[in-house]
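# Observations on the three-dimensional arrangement
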Amino acid sequence: MSFAKWVGGALGWSFGGPIGAIIGLAIGSIIDSSTQGGGFLLGDGNSQQQRRTRQSTSRTQTRTRPQTQSGDFEVSLLILASVVIKADGKQDQSELDFVRNQFVSMYGKERANRAFKLFKSVSKQQIPVRKVCLQIREMMDHSSRLQLLHFLFGIAKADGMVTDDEVSQIYMISGYLGISSRDYASIKAMFYNSSDNAYKILEITKEATDDEVKKAYRKMAKKYHPDKVIHLGKEHQAGAEEKFRQVQKAYEQLQKERKF
């Protein structure tokens, strides 16, 4: 299967809009369009019915989001990853290695190589961050957006530290994605070591009662449960499971400290 058909066949709603334009340009820099018959590369792997569905969706406002496919999440992730990596004005090799290793663990070597090739091409572009995030916010469910944010912090921490520029960029992205400040602080706390991190992960303060801690744990365990993103495919379950473990770890820490 050609590179273009592989990408096209994996995309749903991200076939159009600013994300589609970015991916189309990236593919165009990888493949000579003349070998693909001169058509729009992203569409080559999609059926006519899928095209009609997307065109209809783009023309009308719907109350329910179309389900995010694995490919939609993948291209959203690699575009935002390229933004974070460039936040401090350079592309650190450890961050690039982190992205590649994450792709390998999620997608396997063959698909990861294709994704990373696309990622490197995307990273050469000037990304309209707000427009990209607004498309993701409109089309992607909340749990999947939280998973994106978790991945972005993982990239920033890959070189051992998170710079102020990276934090600012991720914070801006989270706002555009419609992620609340409490959810942002919860996920951010998973990548730092401090005395109140367990409270931040559970989205409570140190003044919370034991009963409030238990209630917060049940709420966060439900919010971060891996089943929330099962529709993204098993390749994205590992990141969701890591968030879930962090919630469990935070709760166990407070159980030990408070002796309940």
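Below is a summary of the structure that appears in this document.

Calculation notes
Residues numbered from 1 in each chain as written. Predicted model: local features only at pLDDT ≥ 70, side-chain atom pairs only at ≥ 80, totals over all residues. Heavy atoms only, no water. Helix = DSSP H or I, 4+ residues; strand = E, 2+ residues; numbered from the N terminus. Buried < 20%, exposed > 50% of the residue type's maximum accessible area, 1.4 Å probe, protein only. Contact = heavy atoms within 4.5 Å. Areas by Shrake-Rupley, 256 points an atom, 1.4 Å probe, with all protein chains shown as cover. Salt bridge = Lys/Arg side-chain N within 4 Å of Asp/Glu carboxyl O. Phe/Tyr/Trp six-rings, centres within 6.5 Å; stacked < 30°, edge-to-face > 60°. Lys NZ or Arg CZ within 6 Å of the ring centre and 35° of its normal. Polar contact = N/O pair within 3.5 Å; in protein donor to acceptor, adjacent residues only side chain to side chain. Arc of directions from axis to C-beta. Axes fitted to C-alpha atoms, helices over the stretch in contact; angles between N-to-C directions. Nonpolar A, V, L, I, M, F, W, Y, C, P; charged D, E, K, R; others polar.

Take the overall build of the protein next. A tally of regular secondary structure across the protein gives 13 helices and 0 strands. Helices and strands appear in the protein in the N-to-C order α-α-α-α-α-α-α-α-α-α-α-α-α. Here the protein holds 260 residues, and 49% of them are scored as buried. For the protein, long-range pairs separated by at least 24 residues make up 75% of all intrachain contacts whose partners lie at least 6 apart in sequence. Carbon and sulfur atoms make up 49% of the accessible area of the protein, which amounts to about 12900 Å² in all.

Phi at Glu203 is positive, roughly 60°, even though this residue is not glycine. Locating Glu203 in the fold gives a position in the loop between helix H11 (197-201) and helix H12 (210-223). According to the relative accessible area criterion, Glu203 is buried, its value standing at 9%.

What follows deals with the pattern of salt bridges. Scanning the entire structure with this criterion turns up 7 salt bridges. Glu110 is the salt-bridge partner of Arg114, the closest N and O atoms lying 3.8 Å from each other. Note that Arg114 and Glu110 are positioned in helix H6 (residues 109-122) at a spacing of 4 residues, about one turn of the helix. Judged by its relative accessible area of 57%, Glu110 is exposed. For Asp196, the salt bridge identified is with Lys200, shortest N-O distance 3.9 Å. Note on Lys200: relative accessible area 38%, which makes it partly exposed.

In the structure shown here, the tally under the stated rule is 6 aromatic pairs. Considering the side-chain rings of Phe153 and Phe191, the 5.8 Å spacing of their centres and the 20° angle between planes classify their relative orientation as stacked. Linking Phe153 in helix H8 (residues 142-156) with Phe191 in the loop between helix H10 (181-189) and H11, this pair joins segments that are 38 residues apart in sequence. Between the aromatic rings of Tyr171 and Tyr184, the centroid separation amounts to 5.0 Å while the plane-to-plane angle is 75°, which identifies the pairing as edge-to-face. Remark: Tyr184 occurs in helix H10 and Tyr171 occurs in helix H9 (residues 164-176); sequence separation between them is 13 residues. For Tyr171, a relative accessible area of 49% gives the class partly exposed. The structure contains a cluster of three or more aromatic residues connected by ring pairs, namely Phe153, Tyr171, Tyr184 and Phe191. Taking NZ or CZ as reference, Lys157 lies 6.0 Å from the ring centre of Tyr192, over its face.

What follows deals with H10. Every buried residue of H10 is accounted for by Asp183, Tyr184, Ser186, Ile187 and Ala189. Along its buried surface, H10 packs onto H8, H9, H11, H12 and helix H13 (237-258).

Looking now at the environment of Ala185. Mapped onto the elements of the fold, Ala185 is located in helix H10. For Ala185, a relative accessible area of 28% corresponds to the partly exposed category. Note: C-alpha distance between Ala185 and Lys200 (15 residues apart in sequence) is 6.4 Å.

Tracing the chain through its elements places Arg258 in helix H13. A residue is classified by how much of its surface remains accessible, and Arg258, at 22% relative accessible area, is partly exposed. A C-alpha to C-alpha distance of 7.8 Å links Arg258 and Asp210, two positions 48 residues apart in sequence. Apart from residues lying up to four places away in sequence, Arg258 is in contact with Tyr199, Lys206, Ala208, Thr209, Asp210 and Val213. A distance of 2.8 Å separates a polar atom in the side chain of Arg258 from a polar atom in the side chain of Asp210.

All right, on to helix H7 (residues 129-139) then. Residues of H7 that are buried include every one of Val129, Val132, Cys133, Gln135, Ile136 and Met139, and no others. The arc that holds the buried residues of H7, viewed along the axis, is 155°, so those residues lie on one side.

All right, on to the packing of helix H4 (residues 70-85) against H9 then. Running from N to C, H4 and H9 cross one another at 145°; their axes reach a closest spacing of 9 Å. For the pair H4 and H9, contact is made by Leu80, Val83 and Val84 and by Glu166, Gln169, Ile170 and Ile173, respectively. Of the residues assigned to the contact of H4 with H9, the class counts are 5 nonpolar, 1 polar and 1 charged.

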